[in-house]
Amino acid sequence: MAKIYDDFDIIALENAIEQAYSTENTPFCDYEVDADYDFGTYHYRVWRGRSCLGSFYRSPMTDEWVAKPFYKNGEFVYEPNEQSFGSHEEAQAYIILCWEG
């Protein structure tokens, strides 16, 4: 029986597809927000494409919006600094501002 295929590296193919997808789609992705009900309150996440930029929620104690960005100047931040805001729009804008630098 003849060998039809040479050695095939599936991981290299998957990485190439992922990189091509990200390169093609990232400039066209808008920011999106989704919600998850957890610990008695809604937690909102800000997304750009498939990257979660941060989360925010309304504090039941202070009635302020608390934003926790996951990135600072495009680099992942392990322990994000929390900031409080008067509206959810300000919380979202802060997370996006941290991402964009």
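This one's a predicted model, so the numbers in the text were calculated from it and none came from an experiment. (Residues numbered from 1 in each chain as written. Predicted model: local features only at pLDDT ≥ 70, side-chain atom pairs only at ≥ 80, totals over all residues. Heavy atoms only, no water.)

Colleague: Sorry, what's going on with the nonpolar core here?
Modeller: Within soluble globular proteins, side chains that are nonpolar tend to cluster in buried spots. Grouped together as the largest cluster of nonpolar side chains are twelve residues: Val-46, Leu-53, Phe-56, Trp-65, Ala-67, Tyr-71, Phe-85, Ala-91, Tyr-94, Ile-95, Ile-96 and Cys-98. Secondary structure elements with two or more residues in this core: strand S3 (51-58), strand S4 (65-69) and helix H2 (88-100). Filtering out sequence-adjacent residues up to four positions away, Ile-96 remains in contact with Tyr-31 and Val-46. (Core = buried A, V, L, I, M, F, W, Y, C linked by side-chain atoms within 4.5 Å. Buried < 20%, exposed > 50% of the residue type's maximum accessible area, 1.4 Å probe, protein only. Helix = DSSP H or I, 4+ residues; strand = E, 2+ residues; numbered from the N terminus. Contact = heavy atoms within 4.5 Å.)

Colleague: Which parts of the structure should I look at to understand the packing of aromatic side chains?
Modeller: Any aromatic ring pair is given by two values, namely how distant the centres are and how the planes are angled relative to each other. By the definition in use, this model includes eight aromatic pairs. Residues Phe-56 and Trp-65 carry aromatic rings whose centres are separated by 5.9 Å and whose planes lie at 55° to one another, so their mutual orientation is tilted. Residue Phe-56 is classed as buried on the basis of its relative accessible area, which comes to 2%. In this structure an aromatic cluster arises from ring pairing among Tyr-37, Tyr-42, Tyr-44, Phe-56 and Trp-65. Here the guanidinium or amino end of Arg-48 rests over the ring plane of Tyr-31, the centre of that ring lying 5.5 Å away. (Phe/Tyr/Trp six-rings, centres within 6.5 Å; stacked < 30°, edge-to-face > 60°. Lys NZ or Arg CZ within 6 Å of the ring centre and 35° of its normal.)

Colleague: Got a minute to help me understand the pairing of strand S2 (residues 41-48) in this structure?
Modeller: Residues in a regular strand point their side chains to alternate faces of the sheet. With eight bridges joining them, strand S1 (residues 31-38) and S2 adopt antiparallel strand pairing. Bridge pairing links Asp-38 to Thr-41 in S2. Adjacent in sequence and paired antiparallel, S2 and S3 are bridged by two residues, among which Gly-49 carries a positive phi angle near 65°. (Pairing = 2+ DSSP bridges.)

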